[in-house]
Amino acid sequence: MEPVEIKKGIYWVGAIDWDLKNFHGYQTLRGSSYNAYLIMDEKITLIDTVKEAFTHEMIERISKIVDPSKIDVIVSNHVEMDHSGALPQILKYCPHATLITSPNGEKGLRKHYGNFHDDKVVTSFETFSIGKRTLQFVLMPMVHWPDSMATYIPEEKILFPNDAFGQHIASTERFDDEIGPDIVLEESAKYYANIVLPFERQVQKVLKDTSGLAIGLIAPSHGVIWRSHIPKIVELYDKWSKNIAEEKAVVIYDTMWHSTEKMAHAITSIFEDQNIPVERLFLQDHHISDVMTHVLNAKYICVGCPTLNNGLLPTVAAFLCYLKGLAPKGRVGLAFGSYGWGGQSIPLIEETFKALGYETLPSQKVQYVPQEMELSVIRKELSAVLKK
Ligand code: FEO
């Protein structure tokens, strides 16, 4: 694939990872891309690089525009290796290039690659002229690493926010309107839920810091570039980072002998009867990273698990661990499950809800196989609580 000119003199020169299916536990069935951008100005500038294994692909694309040895400036917006992996290699082509990164980026790059280059460290809102254009830097610590920063070009109205506003999509299309909003917004929600979610306060700060900027393009480091749906994705980031949950329930469970499954069905029907949108997600069919996309805007998080060996089924334990790390706030939890004799699964689920600071609905547990009478009691009790 050729480089793509996204604006006059500014090119996408990244790499497409069609085979990526798992990004440290986040299932990425649509693959991903690592976006690097080349700006042809008096100082030829490269914004971010790609994963090390794709170095050749990026250098080939750059070479179709300019000899890589002519690069004068490299901006490293983020140290994580999907964006900095090719940095040591590209610097061998242009050893005298100025490397711009944040203060934490400088520390992080040295911890990854040793003392491989003299950095120019920028601070928030510092600017750097590359000729006709200016690079303006916005530090965004913990969106989602301490080193993360965005680069803005006022003359072009382009924001390069690295991971923020990204989506894990491999495609030859480079713009949101070329793929269509459904897929792009779905993948953006999944990306937010699995990567950005813990950093709500920091996202709000970035939205505030960038709110005064005129933005015509948002060019993230994964997926497609935003040009037609910028207000929508900014509105969604604002909503997600304010933890605005909807009157919606998710019933997440695994089961051994269908008993907890019967309870999951009964609990789902309670929400249906109350006209509360509900999704039932069986953990043997739904990957935890997809479950998190459904959790993103749900007020009620119901988790069901039978007791196995005095504990949880591994699928549910993994989900709870993941949920605790991503920590969506202000939700209402419901623990449920069947048991034979110990019944320890329920307090373990409750423990996670407590750690997350959730309000809870009354936990529901049934010994062995739930009989219709027992399911009916569950329906009655929870319906009464929800009606309050
Ligand atoms: Fe896409 Fe935080 O790396």
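The structure under discussion appears in the preceding block.
Cut-offs and rules
- Residues numbered from 1 in each chain as written.
- Predicted model: local features only at pLDDT ≥ 70, side-chain atom pairs only at ≥ 80, totals over all residues.
- Heavy atoms only, no water.
- Helix = DSSP H or I, 4+ residues; strand = E, 2+ residues; numbered from the N terminus.
- Contact = heavy atoms within 4.5 Å.
- Areas by Shrake-Rupley, 256 points an atom, 1.4 Å probe, with all protein chains shown as cover.
- Lys, Arg positive; Asp, Glu negative; His and termini not counted.
- Charge placed at Lys NZ, Arg CZ, Asp CG, Glu CD.
- Buried < 20%, exposed > 50% of the residue type's maximum accessible area, 1.4 Å probe, protein only.
- Pairing = 2+ DSSP bridges.
- Right-handed = clockwise from strand over helix to strand, strands pointing away.
- Axes fitted to C-alpha atoms, helices over the stretch in contact; angles between N-to-C directions.
- Disulfide = S-S within 2.5 Å.
- Parallel < 35°, antiparallel > 145°, perpendicular 65-115°, else oblique.
- Nonpolar A, V, L, I, M, F, W, Y, C, P; charged D, E, K, R; others polar.
- Phe/Tyr/Trp six-rings, centres within 6.5 Å; stacked < 30°, edge-to-face > 60°.
- Lys NZ or Arg CZ within 6 Å of the ring centre and 35° of its normal.
- Left-handed = near helix turned anticlockwise from the far one by under 90°.
- Patch = residues over 30% accessible without salt bridge, like charges linked within 9 Å, V, L, I, M, F, W, Y side chains within 5 Å.
- Salt bridge = Lys/Arg side-chain N within 4 Å of Asp/Glu carboxyl O.
- Polar contact = N/O pair within 3.5 Å; in protein donor to acceptor, adjacent residues only side chain to side chain.

Draft legend 1. Just the overall build of the chain, in detail. Looking only at helices and strands, the chain has 13 helices and 22 strands in total. The contacts of the chain with a sequence gap of at least 6 include a subset with a gap of at least 24, amounting to 71%. Carbon together with sulfur atoms contributes 53% to the accessible area of the chain, which is approximately 16200 Å² in total. Charged side chains in the chain number 39 positive and 48 negative. The centres of these two groups are separated by 4 Å.

Draft legend 2. Representation of unusual backbone geometry. Here the residue pair Val143 and His144 is connected by a cis peptide bond, since its omega of 10 degrees sits within 30 degrees of zero. Relative to the elements of secondary structure, His144 occurs in the loop between β13 (134-139) and β14 (149-153). Within the chain, Asn309 stands out as a residue other than glycine whose phi angle is a positive 50 degrees. Positionally, Asn309 belongs in the loop between β19 (298-304) and α11 (314-326).

Draft legend 3. How the structure looks around the pairing of strand β20 (residues 332-339). The element β20 is largely enclosed, with a buried count of eight among its eight residues. Judged from the five bridges that link them, β19 and β20 form a sheet pairing that is parallel. Residue pairing in the sheet places Tyr300 in a bridge with Val332 of β20. Of the crossover connections in this fold, the one passing from β19 over α11 to the parallel β20 is right-handed.

Draft legend 4. Seen up close, the sheet that holds β13. As summarised here, the arrangement of the five strands in space is β12-β13-β14-β15-β16, forming an open sheet in which the pairing is mixed. A strand with exactly one partner marks an edge of an open sheet, and here the two such strands are β12 (127-129) and β16 (217-220). Strand after strand, the sheet turns through a mean of 20 degrees between neighbouring axes, direction not considered. As judged from the three bridges shared by β14 and strand β15 (residues 158-162), these two strands associate in the antiparallel manner. Counterpart to Ile153 in the pairing with β15 is Ile158.

Draft legend 5. Representation of the state of the cysteines within the structure. Throughout the structure, instances matching the rule amount to zero disulfides. We note that Cys302 lacks a disulfide partner, and the nearest cysteine sulfur, in Cys305, lies 14 Å from it.

Draft legend 6. Molecular detail of the packing of helix α6 (residues 181-196) against helix α10 (residues 288-295). Where α6 meets α10, the closest approach of the two axes is 8 Å, and the angle between their N-to-C directions is 100 degrees. Here α6 lies roughly perpendicular to α10, going by the angle between them. Contacts from Glu186, Ala189, Lys190, Ala193 and Asn194 of α6 reach α10 at Ser289, Asp290, Met292 and Thr293. Partitioning the contact of α6 with α10 into residue classes produces three nonpolar, three polar and three charged.

Draft legend 7. Looking closely at the packing of aromatic side chains. What the rule picks out here adds up to nine aromatic pairs. An aromatic cluster is present here, built from Phe165, Tyr192, Tyr237 and Trp240 joined pairwise through their rings. One cation-aromatic arrangement involves Arg227 over Phe175; the distance from NZ or CZ to the ring centre is 3.9 Å.

Draft legend 8. Broad picture of the packing of helix α9 (residues 259-273) against helix α13 (residues 372-387). At a minimum axis separation of 10 Å, α9 and α13 run at an interaxial angle of 35 degrees. Taken as a pair, α9 and α13 cross one another with a handedness that is right-handed. Between α9 and α13, the contacting residues are Lys262, Met263, Ala266, Ile267, Ser269, Ile270 and Phe271 on the first element and Leu375, Ile378, Arg379, Leu382, Ser383 and Leu386 on the second. Of the residues belonging to the contact of α9 with α13, the class tally is nine nonpolar, two polar and two charged.

Draft legend 9. Quick peek at helix α7 (residues 200-210). All of the buried residues along α7 are Glu200, Gln202, Val203, Val206, Leu207, Asp209 and Thr210. Buried-residue contacts for α7 involve β13, β15, α6 and α8 (230-241).

Draft legend 10. Spatial organisation of a nonpolar patch on the surface. Together, Trp341, Tyr368 and Val369 line one region of the surface with nonpolar side chains, adding up to about 400 Å² of accessible area. Within the secondary structure layout, Tyr368 lies in the loop between β22 (364-367) and α13. With a relative accessible area of 48%, Tyr368 lands in the partly exposed category.

Draft legend 11. Spatial organisation of the environment of Ile244. Position of Ile244 relative to the elements: it lies in the loop between α8 and β17 (246-253). Classification of Ile244 by relative accessible area gives partly exposed; the value is 43%. Linking Ile244 and Tyr152, residues 92 residues apart in sequence, is a C-alpha distance of 29 Å.

Draft legend 12. Molecular detail of the side chain of Arg174. You can see Arg174 is positioned in the loop between β15 and α5 (176-179). Buried within the structure, Arg174 lacks any salt-bridge partner; Glu178 is the closest side chain of opposite charge, at an N-O distance of 6.9 Å. Among the polar contacts made by the side chain of Arg174, one reaches the main-chain carbonyl oxygen of Ser171 at a distance of 3.0 Å. A distance of 3.2 Å separates a polar side-chain atom of Arg174 from the backbone oxygen of Gly223.

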